[in-house]
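# Summary of structural features
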Amino acid sequence: MALMKCPECELPVSDKAIACPHCGFPLDRSAVKRRKPPAKRKRLPNGFGQISEIKNRNLRKPFRAMVTVGKTELGRPIVKPLKPESYFQTYELAYEALIEYNRNPYDLDDDISVEQLYEKWSDEYFPKIADTAVRTITSAWAYCSSIKSMRAKDVRARHIKGVMEDGYRIEYRGKKKGEKIFASANTKARIKSMFNLMFDYALEYEIVPMNYARTFDLSGEIIQEKESAKQDHIPLTEKELALLWEHVDTVQFVDWILIQCYMGWRPQELATLRLDEVNLEKWYMQAGMKTDAGKQRLVPIHTRIRPLVQKNYNFAVSIGSQYLFNDKGQTHSGSWKVTYDKYRHRFDKVMAALGMDPDHRPHDPRKTFITRAKKAGVDEYALKAMVGHKIEDITESTYTVRDIEWLREDIEKIK
């Protein structure tokens, strides 16, 4: 061993030293190991899910993986925990699990239960359909408790028929609270339709050998019962409309019904109208759903209801809501938003408060609009355009462009 001078502090130091013991200057640079920067965490592709670290808790597996199952109206992802395992020791393990899930998200165990199958299928199917359709399926599922724990591959036609005939749910509110409610003819048909779709999904991913739900049709008794239970929509009479106008300032929610009577929106469309779909400068709305013909259609705001629309618009702005209609009676729950079910309930309250026909339903104002438009001589194709019905005539559907003023001239024929 020999001594040498440190090139930094010029003090003696061994020529074998890696660094100067006096000042720390590195002497053998090739021996100095550079510390590797921490590896960057891999980012997940859009729509693959989310990984979050649960901090401030002593967890053996602190990384939680969530899968994306849909989007909100604002485009934000809706996520649920990854199944069957959602917590992992490291970020990398959670990342690999999400990548594997998205590579084949429906590679399910062939021993999966009916309930697990419903959850998987509904997670994929519900984001693609309207809220009203989701409610139809969830209400049908409530009658299926007797076979939820069965293996899906063991379900046969007799089991599905048994649910339709003997399945029930327990009422949890109202006068019948605690009672067994058996399926009506309409509900039986919905149960059949739900199993048709759910087992189509199971067959596609080889969970079941065949779709036994499609091996039988609805019985003649169910079809006949369904037909006899059908209730026609009843347009409001001129006397009933006058009664609504008489109480528009004294009975809450009457204004919503009148707006529907003069614009023809479906109940679900009315409940979800957004402020950005309302043009108060040119007095029209552009909205709609359900069918291709009904989506984002132009409907002028009739002069008779403009003050009612303006009042609801101003109130929505004052509370920072993005929706035109907001339920003032729901402030305690923290949500102003109106849904179809809320609108139906408020509609029924108005009918009862004014002593109107109890058989009226939330779809009746739409029929009222169409009936009064026909009586007033509104052009057939203009009316179809405003209510979102398909126009078969190629001249009208393809080569005729009805602008807002053309439609306004027709809608104002309704007095």
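Figured I'd write up the structure that's included with this text. This is a predicted model, so every value here is computed, not measured. (Residues numbered from 1 in each chain as written. Predicted model: local features only at pLDDT ≥ 70, side-chain atom pairs only at ≥ 80, totals over all residues. Heavy atoms only, no water.)

### Observations regarding the overall build of the protein
The line we're drawing: Each helix corresponds to a stretch of at least 4 residues labelled H or I by DSSP, and each strand to a stretch of at least 2 residues labelled E; elements are numbered beginning at the N terminus. Each residue gets one of three labels from its accessible area relative to the maximum for its type: buried under 20%, exposed over 50%, partly exposed in between, using a 1.4 Å probe on protein chains only. Contacts between residues were defined by any pair of non-hydrogen atoms, one from each residue, lying within 4.5 Å. In this description, accessible areas are obtained by the Shrake-Rupley approach with a 1.4 Å probe, and a residue is regarded as covered only by the protein chains that are shown.
A count of helical and extended segments in the protein gives 15 helices and eleven strands. Within the protein, the proportion of its 415 residues that are buried is 39%. Considering only contacts in the protein between residues 6 or more positions apart, those separated by 24 or more positions represent 55%. In the structure as shown, the protein presents an accessible area of about 24700 Å², 50% of it carried by carbon and sulfur atoms.

### Concerning the packing of helix H3 (residues 131-141) against helix H5 (residues 185-204)
What counts here: Axis lines are fitted to C-alpha atoms, over the contacting stretch for helices. Their N-to-C directions set the angle, which ranges from 0 to 180 degrees. We call two directions roughly parallel when the angle between them is under 35 degrees, roughly antiparallel when it is over 145, roughly perpendicular when it lies between 65 and 115, and oblique otherwise. Polarity classes work like this: nonpolar for Ala, Val, Leu, Ile, Met, Phe, Trp, Tyr, Cys and Pro, charged for Asp, Glu, Lys and Arg, and polar for all others, with Gly in that last group.
At a minimum axis separation of 9 Å, H3 and H5 run at an interaxial angle of 100°. Between H3 and H5, the interaxial angle falls into the category roughly perpendicular. Of H5, the residues touching H3 (which contributes Thr136, Ile137, Ser139, Ala140 and Trp141) are Arg190, Ile191, Met194 and Met198. Each residue belonging to the contact of H3 with H5 can be placed in one class, and the counts come to six nonpolar, two polar and one charged.

### Notes on the sheet that holds strand S10 (residues 284-287)
The pairing of strands in a sheet happens through backbone hydrogen bonds and is either parallel or antiparallel. Keep this limit in mind: When DSSP finds two or more bridges between a pair of strands, those strands are recorded as paired.
The strand order across the open sheet formed by three strands is S9-S10-S11, and the pairing between neighbours is antiparallel. Across the chains shown, the open sheet's two edge strands, defined by having one partner strand only, are strand S9 (278-279) and strand S11 (297-300). For S10 and S11, the ladder comprises four bridges, and the chain directions are antiparallel. Counterpart to methionine 285 in the pairing with S11 is valine 299.

### Quick look at unusual backbone geometry
Unlike most non-glycine residues, glutamate 206 shows phi in positive territory, near 60°. Locating glutamate 206 in the fold gives a position in the loop between H5 and helix H6 (220-229). Judged by its relative accessible area of 70%, glutamate 206 falls in the exposed class. At tryptophan 283, a residue that is not glycine, the phi angle is positive and equals roughly 55°.

### Looking at the nonpolar core
Here is the rule we go by: By convention a nonpolar core is built from buried Ala, Val, Leu, Ile, Met, Phe, Trp, Tyr and Cys residues, the set being connected through side-chain atoms within 4.5 Å.
Counting 50 residues, the largest nonpolar core has Leu244, Met285, Ile305 and Val350 as its most contacted members. Per-element tally for this core: the top contributor is helix H8 (residues 254-263), with eight residues. Residue contacts for leucine 244: discarding those within four places in its chain leaves Leu236, Val254, Ile257, Leu258, Val350, Leu354 and Met356. Core analysis: the second largest hydrophobic core is formed by 35 residues, Ile112, Met194, Ala202 and Ile222 among them.

### A short note on the side chain of histidine 360
Condition: Pairs of N or O atoms are called polar contacts if they sit within 3.5 Å, as long as, within protein, a hydrogen donor faces a hydrogen acceptor (for residues adjacent in sequence, only side-chain-to-side-chain pairs).
Inspection of the secondary structure assignment puts histidine 360 in the loop between helix H11 (340-353) and helix H12 (364-375). Here glutamate 240 takes part through its side chain, which lies 3.0 Å from a polar atom of the side chain of histidine 360. Aside from chain neighbours lying at most four places away, what touches histidine 360 is Ile234, Pro235, Leu236, Glu240, Phe347, Asp348 and Met351.

### What to know about a nonpolar patch on the surface
Definition in use: Residues enter patches when they are more than 30% accessible in relative terms and free of salt bridges; like-charged ones are connected within 9 Å and nonpolar ones (Val, Leu, Ile, Met, Phe, Trp, Tyr) within 5 Å. Whenever a carboxyl oxygen of Asp or Glu lies within 4 Å of a side-chain nitrogen of Lys or Arg, that contact is scored as a salt bridge.
A cluster of nonpolar side chains, contributed by Tyr168, Ile170 and Phe182, occupies part of the molecular surface with about 290 Å² of accessible area. Relative to the helices and strands, isoleucine 170 resides in strand S7 (residues 168-170). Residue isoleucine 170 is classed as partly exposed on the basis of its relative accessible area of 45%.

### Considering H12
This is how the line gets drawn: An expected span of 1.5 Å times one less than the residue number is assigned to each helix.
Relative to the 16 Å expected for twelve residues at 1.5 Å per residue, H12 spans 16 Å between its end C-alpha atoms, a close match to the ideal helical length. Those residues of H12 lying buried are Asp364, Pro365, Arg366, Thr368, Phe369, Arg372 and Ala373. Tucked into the core, H12 has its buried residues touching helix H7 (238-246), H8, S11, H11, helix H13 (380-387) and helix H15 (404-411). Positive backbone phi, at 85°, marks glycine 377, one or two positions downstream of H12.

### Overview of the pattern of salt bridges
Taken as a whole and judged by the stated rule, the model has 17 salt bridges. Note that arginine 151 and aspartate 154 form a salt bridge whose closest N and O atoms lie 2.8 Å from each other. Look at arginine 151 and you get partly exposed, because its relative accessible area is 35%. Across the pair glutamate 405 and arginine 408 runs a salt bridge, and its minimum N-O distance is 3.3 Å.

### Comments concerning H15
In plain terms, the rule: Directions drawn from the helix axis to the C-beta atoms are what define this arc.
For H15, every residue scored as buried is listed here: Ile404, Leu407, Arg408, Asp410 and Ile411. Projected down its long axis, H15 carries its buried residues within an arc of 160°, all on one side. Its buried side turned inward, H15 meets H8, S10, S11, helix H10 (306-319), H12 and H13.

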